[in-house]
Amino acid sequence: MKSRALQSAVRFLGLLCALCAAALNGFSLDREAFSFTNYDLNVQVEPEQHRLGVRGKITLRNGSQTPQKIAVLQISSSLDWRSVKAGDKVVQFVTQPYTSDIDHTGGLSEAIVTLPQPIAPKGTVEVEIAYEGVIVVDATRLTRIGTPEEAAKSADWDQIDTNFTAVRGAGYVTWYPIATEVANLSEGNSLFEVLGRWKEREAGSRMHLRIGPLSGDNLLPQVLFNGVVCHGPTTYESMGATRAIGSLDCLNQPLLPEPPTLIIADYQILERPAIEVRYLRAHDASAANFADEAQKVSPFITEWFGPQREKAKTADLPDPRGATFESGALLLTPLVGDNSKQAGLSAAHQLTHASFLSFRPWIEEGLAHFAQALYLEREKGRPAALEYMGLHRASLGEVERPTTLPRSDDEVTRSLVNTTSEELYRSKAMYVWWMLRDMVGEAALKKAIAAYRPEDDKEPSYIQRLITVQTQRDVEWFFDDWVYHDRGLPDFKVESAYSRQTTTGSSIVTITVDNLGTTGAEVPVIVKFKGGEIMHRLEVRARNKGVIRVETPVPPQEIVVNDGSVPESKTANNIFKIEPTEK
Ligand SMILES: [Zn+2]
């Protein structure tokens, strides 16, 4: 109750601030008008003071349809703006707090900048900026919606500290400027939507970071993000730790959708051909275990998803309950205890990212989760894989409840190719890849994956075309129901099953499966009889029926539709008992 009151108070304050700003400028702000195409930043980190100081230049591009005279720049609410210049001129800017859950503090420091002249659509402007402040553990955005403090701090663990410094980027700590509309964790998918739009606008942006100068007392900073290339500083060993003098110069590859993560920690490094594991003191056994498991999984993953584009990187978190964080081939996770099966399972996901790249979340994340199911199938058999996928089904069922069936205009926005919902682009997408593998076969799917080039993926149907080349099967209807639209889930029911004996003594059972749902699928049909069972696959389109005849050596006793490999809205009607018939 209390937190709800607080939430609405916070929302009200947020609204109030937005109104102030609008009044101030005489019109409402379009916070997402500009995208940031280039960052060139000098970053100074002082762990003893928990302090971050940044100076540098950013390039803004007007992505809107109208000229823009006002630019909004946002940083974490624990940081303060010091100066903003455009074209060597000090420009007018006002700062204000802006409530938004895109930052761990639950707020941003906004600079509302009046540019020297309006920027035309597609035009760019270079802005010189300076800001500074502290970054300490802060879980306000989670505690104010009722998350217990302990759990909240294990999730939002970012901080600058002498023991451990780690700051993730947009979505966690806004330590480099962004510009976004308000994100609200108590409003469903709002944060994911805001972040999704931000990533889309920033696709292709470049970032050049210079971290330092570092003195002899400094530990070596490590900038970990996809495709980053770093040079310097001079390092040496002192008191058992790697220390650095000079500065670290890092340039990211453009077109990578993940924000950079900055880490300064006293890590030891363990190298294997497929993976590099950075771990904290006293965690050597767990780190070695993780590295070994990853190395073991590696041939299987490259067989499916191709040779590694980059080495996978895993880094340790000091809090044993610290929430795992992934950013492409980078994984931050507490390396504690001996959990080798868990290590293999998470390595399968991480290594898939190291091999395969797509800018479409349902392909990128869907395949990485699919790889985890494949790994379990190989280690323990199909039932173990289906059980793992079943864990995802619970959350998927929530999203795809029949009562929340999408309206027709939502069919497209909630489709796998457009969605910003994690349940959809992770869990549902994993099932889609699994079903595709079952439909077209492993060899065909592997070939289609091998032919995939992210730079050629310009239309949603690109991957469908790659699969079509490899198979005789028509997969168009499947993509229509599962990928291009969100039509909910199928609902299979065994309508009838008639069995008769043949002259040779075996039985033929004729099974009619009804799909009451609005999505089609090819579903396994299992015929059970004394001493065994036979599984066949049957394609049943949405609101349609399918018939299959199956021969069994002795009279069948039970028909089961769906082995759990097809997510379904209702499974209570999946079993059909065949009454024994008199001869
Ligand atoms: Zn992933």
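Residues numbered from 1 in each chain as written. Predicted model: local features only at pLDDT ≥ 70, side-chain atom pairs only at ≥ 80, totals over all residues. Heavy atoms only, no water.

1. Topic: the overall build of the protein
The helix and strand tally for the protein stands at 13 helices and 27 strands. Long-range contacts, defined as pairs at least 24 residues apart, comprise 69% of the intrachain contacts of the protein with a sequence gap of at least 6. Entry remark: accessible area of the protein is about 25400 Å², with carbon and sulfur atoms responsible for 53%. (Helix = DSSP H or I, 4+ residues; strand = E, 2+ residues; numbered from the N terminus. Contact = heavy atoms within 4.5 Å. Areas by Shrake-Rupley, 256 points an atom, 1.4 Å probe, with all protein chains shown as cover.)

2. Observations concerning the pattern of salt bridges
Oppositely charged side chains can form a pair if their charged atoms are brought close together. Across all of its chains, the model carries 44 salt bridges by this definition. Taking the shortest distance from any N to any O, the salt bridge between Lys-311 and Glu-271 comes out at 2.5 Å. Of this pair, Lys-311 sits in the loop between helix H5 (284-305) and strand S18 (312-316) while Glu-271 sits in strand S16 (residues 268-271), and the two are 40 residues apart along the sequence. The salt bridge partner of Arg-382 is Asp-563, with a shortest N-O separation of 2.8 Å. Separated by 181 residues along the polypeptide, Arg-382 in helix H8 (residues 382-399) and Asp-563 in the loop between strand S26 (556-561) and strand S27 (575-577) bring together distant segments of the chain. (Salt bridge = Lys/Arg side-chain N within 4 Å of Asp/Glu carboxyl O.)

3. Re the nonpolar core
The biggest cluster of nonpolar side chains holds 89 residues, and the ones touching the most others in it are Phe-305, Trp-362, Trp-433, Ile-467, Phe-479 and Ile-511. Here the element with the most residues in this core is helix H10 (residues 422-440); it accounts for 12 residues. Apart from the residues within four sequence positions on either side, Trp-362 is in contact with Leu-367, Leu-416, Val-417, Tyr-425, Ala-429, Val-432, Trp-433, Ile-463, Phe-479 and Val-483. Counting 51 residues, the second largest nonpolar core, distinct from the first, contains Leu-41, Ile-135, Val-173 and Trp-175. (Core = buried A, V, L, I, M, F, W, Y, C linked by side-chain atoms within 4.5 Å. Buried < 20%, exposed > 50% of the residue type's maximum accessible area, 1.4 Å probe, protein only.)

4. Here we look at the sheet that holds S16
Ordered by their spatial adjacency, 5 strands build an open sheet running S16-S17-S18-S20-S19, and the pairing between neighbours is mixed. Pairing within the sheet leaves two strands with one partner each, and these edge strands are S16 and strand S19 (325-327). Averaged over all neighbouring strand pairs, the angle between strand axes comes to 15°, with direction disregarded. (Pairing = 2+ DSSP bridges. Axes fitted to C-alpha atoms, helices over the stretch in contact; angles between N-to-C directions.)

5. Description of the coordination of the zinc ion
At 2.0 to 2.7 Å from the zinc ion lie its protein donor atoms, namely Glu-326 (OE), Glu-326 (OE), His-349 (NE2), His-353 (NE2), Glu-365 (OE) and Glu-365 (OE). The site at the zinc ion holds 6 donor atoms, and with the angles between them running 53 to 153°, its shape is irregular. Mapped onto the polypeptide sequence, the residues donating to the zinc ion form the spacing pattern E-x22-H-x3-H-x11-E. Of this pair, His-349 and His-353 both sit in helix H6 (residues 340-355), 4 residues apart, which is roughly one turn of the helix. (Donors = N, O, S within 2.8 Å, 3.2 Å for Na, K, Ca; no water. Tetrahedral: all angles 85-135°; square planar, octahedral: opposite > 155°, others 65-115°.)

6. Structural notes on helix H4 (residues 190-202)
Counting along an α-helix, one turn takes 3.6 residues, and residues three or four places apart therefore face a common direction. The terminal C-alpha atoms of H4 lie 18 Å apart, and with 13 residues this matches the ideal 18 Å at 1.5 Å per residue to within 8%. Inspection of H4 places Ser-190, Leu-191, Val-194, Leu-195, Trp-198 and Glu-202 among the buried residues, and these make up the whole buried set. Angularly, the buried residues of H4 cover 125° about the axis, an arc narrow enough to put them on a single face. Close packing links the buried residues of H4 with strand S1 (34-46) and helix H2 (140-143). (Expected span 1.5 Å × (residues − 1). Arc of directions from axis to C-beta.)

7. A few points about the side chain of Ser-286
For Ser-286, the location among the structural elements is in helix H5. For Ser-286, a relative accessible area of 11% puts it in the buried group. A polar contact is formed between the side chain of Ser-286 and the backbone oxygen of Leu-335, at a distance of 3.4 Å. In this structure Ser-286 touches Leu-335, Val-336 and Gly-337, once residues within four positions along its chain are discounted. (Polar contact = N/O pair within 3.5 Å; in protein donor to acceptor, adjacent residues only side chain to side chain.)

8. Things to note about H10
Its 19 residues give H10 an end-to-end C-alpha distance of 26 Å, which sits within 8% of 27 Å, the value for a rise of 1.5 Å per residue. Where H10 bends most, at Ala-429, the angle is about 30°. (Bend = angle between axes of the 7 residues up to and from the residue.)

9. Remarks on the side chain of Gln-68
With respect to the element layout, Gln-68 can be found in strand S3 (residues 68-76). Separated by 3.3 Å, the side chains of Gln-68 and Thr-66 make a polar contact. When residues no more than four places from it in sequence are discounted, the contact partners of Gln-68 are Asp-30, Ala-33, Phe-34, Asn-62, Leu-115, Gln-117, Pro-118 and Ile-119.

10. Let's talk about the confidence of the model for the protein
Per-residue confidence for the protein gives a mean pLDDT of 87; residues scoring 70 or more make up 89%. By mean pLDDT, helix H1 (residues 2-25) is the weakest element of the protein at 39, and helix H11 (residues 442-451) is the strongest at 98. Ignoring residues within four places in sequence, the model shows residues 1-26, a span with pLDDT below 50, making 23 contacts including any to other chains. (pLDDT = per-residue confidence, 0-100.)

11. Some details on the packing of aromatic side chains
For the structure on display, the rule yields 17 aromatic pairs. For the pair Tyr-39 and Tyr-176, a centre-to-centre distance of 5.6 Å together with 80° between the ring planes defines the contact as edge-to-face. A residue pair is termed long-range when its members are at least 10 positions apart, and Tyr-39 in strand S1 and Tyr-176 in the loop between strand S9 (164-167) and H4 qualify at 137 residues. The class of Tyr-176 is buried, set by a relative accessible area of 2%. Aromatic pair Trp-362 and Trp-433: ring centres 5.1 Å apart, planes at 15°, arrangement stacked. Here the residue Trp-362 occupies a position in helix H7 (residues 361-380), and Trp-433 occupies one in helix H10, the gap between them amounting to 71 residues. Exposure remark for Trp-362: the relative accessible area of 0% places this residue in the buried category. (Phe/Tyr/Trp six-rings, centres within 6.5 Å; stacked < 30°, edge-to-face > 60°.)

12. Considering the sheet that holds strand S7 (residues 107-119)
Hydrogen bonds between backbone groups are what pair the strands of a sheet, and the pairing can be parallel or antiparallel. In space, the 3 strands of this open sheet follow the order S3-S7-S6, with antiparallel pairing throughout. Since the sheet does not close on itself, it has two edges, and those belong to S3 and strand S6 (92-99), each with one partner. Here the strands of the sheet are splayed against their neighbours by 30° on average, with no regard to which way each runs. Note that S6 and S7 share 8 bridges and pair antiparallel. Within the sheet, the bridge partner assigned to Gln-96 lies in S7 and is Glu-110.

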